[in-house]
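# A structural walkthrough
The lines below spell out each chain.
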Amino acid sequence: GENVEQHPSTLSVQEGDSAVIKCTYSDSASNYFPWYKQELGKRPQLIIDIRSNVGEKKDQRIAVTLNKTAKHFSLHITETQPEDSAVYFCAADEAGKSTFGDGTTLTVKP
Amino acid sequence: SAVISQKPSRDICQRGTSLTIQCQVDSQVTMMFWYRQQPGQSLTLIATANQGSEATYESGFVIDKFPISRPNLTFSTLTVSNMSPEDSSIYLCSVAAGGAAKQPQHFGDGTRLSIL
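In every chain, residue numbers begin from 1 and rise along the written sequence. Lettering of chains starts at A and numbering of ligands starts at 1, both following the order in which they are written. Reporting in this predicted model follows two pLDDT cut-offs: at least 70 for local features of residues, and 80 or more for side-chain atom pairs to be given and counted; totals over whole chains, interfaces and linings ignore these cut-offs and use all residues. Hydrogens are left out, water is left out, and the side-chain values use all remaining heavy atoms of the structure.

What follows is about the interface of chain A and chain B. Note on definitions: a residue-residue contact is assigned when non-hydrogen atoms from the two residues lie within 4.5 Å. Taken together, the 19 residues of chain A in the interface contact 20 residues of chain B. Around 1600 Å² of area is buried between chain A and chain B when both sides are counted, 51% of it from carbon and sulfur atoms. Among the residues chain A hides against chain B, the three largest losses belong to Arg43, Lys97 and Phe100 of chain A. Together they make up 33% of the total. Counted as salt bridges are all cases of a side-chain nitrogen of Lys or Arg within 4 Å of a carboxyl oxygen of Asp or Glu. The interface formed by chain A and chain B holds two salt bridges in total. Put simply, lysine 97 of chain A and glutamate 58 of chain B hold a salt bridge, and the shortest N to O gap is 3.1 Å. Here the residues of the side of chain A that touches chain B are counted per class, giving seven nonpolar, six polar and six charged. Summed over both partners, the accessible area lost on bringing two parts together, with a 1.4 Å probe, is the buried area. Only Asp, Glu, Lys and Arg are considered charged in this grouping, and only Ala, Val, Leu, Ile, Met, Phe, Trp, Tyr, Cys and Pro are considered nonpolar; every other residue, Gly among them, is considered polar.

In structure tokens, the structure reads:
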């Protein structure tokens, strides 16, 4: 089955700096890669996703890049704000079934 | 995106009892899933709830322990049977439009379950 590794497990940045979270996956059949943000006590919420036929996607301060050859994808958050503090999960999806990474706890210090 | 109602939101149960969690969606969806999230951990897929047929379970999860129903395209239940303290966790349902479009999953608020 699919295996997704996510790094780092914790990340602390100063407000205004950039944050990068990286994931690798094992199953070349995976073709859809969503990222979720989960605040304490809340549900995971989709923040951005990318499909296998695209190398990069941006949505305001958030971007995701995908390298299918190397089987890795990354989340980039620019101009971080304290409200970006949360746990972020990557996932790799094949035929509608997602396998999640272990999560990254991002702390943005004011 | 779909509005997902999950209940109960939390419960405290006695060892050996069973609890059924309900997941209701405001529109018909192709795929529904049940996840478990232990405190501070990632999401682990328990099973895919298939409409009109038996659920598809992931490795480590069995039907006798986690029976699932999905009578239609908007509703599913997960039962946690013969509970033990190890079952204390958050249980989440999620839905996806699915198919070739590869839609993202949207999650319910979860059920926080504590077993005494």
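Only Phe, Tyr and Trp rings are paired, with Trp represented by its six-membered ring, and only when their centres lie within 6.5 Å; those with planes under 30 degrees apart are stacked, over 60 edge-to-face, the remainder tilted. Evaluation of the coordinates by the stated rule reveals twelve aromatic pairs over all chains. Measuring from centroid to centroid gives 5.5 Å for tyrosine 36 of chain A and phenylalanine 107 of chain B, while their planes differ by 85°, and the two rings are edge-to-face. Taken together, the residues span two chains, with tyrosine 36 of chain A in strand β4 (residues 32-38) and phenylalanine 107 of chain B in strand β10 (residues 106-107). In this pair, the class of tyrosine 36 of chain A matches that of phenylalanine 107 of chain B, namely buried. For the pair phenylalanine 61 of chain B and phenylalanine 66 of chain B, a centre-to-centre distance of 5.6 Å together with 65° between the ring planes defines the contact as edge-to-face. In DSSP terms, a helix is any run of H or I states spanning at least four residues, a strand is any run of E spanning at least two, and both are numbered starting from the N terminus. The buried label applies to any residue whose accessible area, calculated with a 1.4 Å probe on protein chains only, is under 20% of its type's maximum; exposed applies above 50%, and partly exposed to all values in between.

Looking now at the pattern of salt bridges. Residues and elements named next belong to chain A. Throughout the structure, instances matching the rule amount to six salt bridges over all chains. Taking the shortest distance from any N to any O, the salt bridge between arginine 61 and aspartate 84 comes out at 2.9 Å. Note that arginine 61 is positioned in the loop between β6 (56-59) and β7 (62-67) and aspartate 84 in the loop between β8 (72-77) and β9 (86-94), a separation of 23 residues in sequence.

Residues and elements named next belong to chain B. Burial along strand β3 (residues 19-25) is one-sided: Leu19, Ile21, Cys23 and Val25 are buried, and none of Thr20, Gln22 and Gln24, which face the opposite way, are. When DSSP finds two or more bridges between a pair of strands, those strands are recorded as paired. As judged from the four bridges shared by strand β1 (residues 4-7) and β3, these two strands associate in the antiparallel manner. Along β3, the bridge assignment pairs glutamine 6 with cysteine 23. Pairing geometry for β3 and strand β8 (residues 75-80), over six bridges, is antiparallel. Bridge pairing links threonine 20 to threonine 79 in β8.

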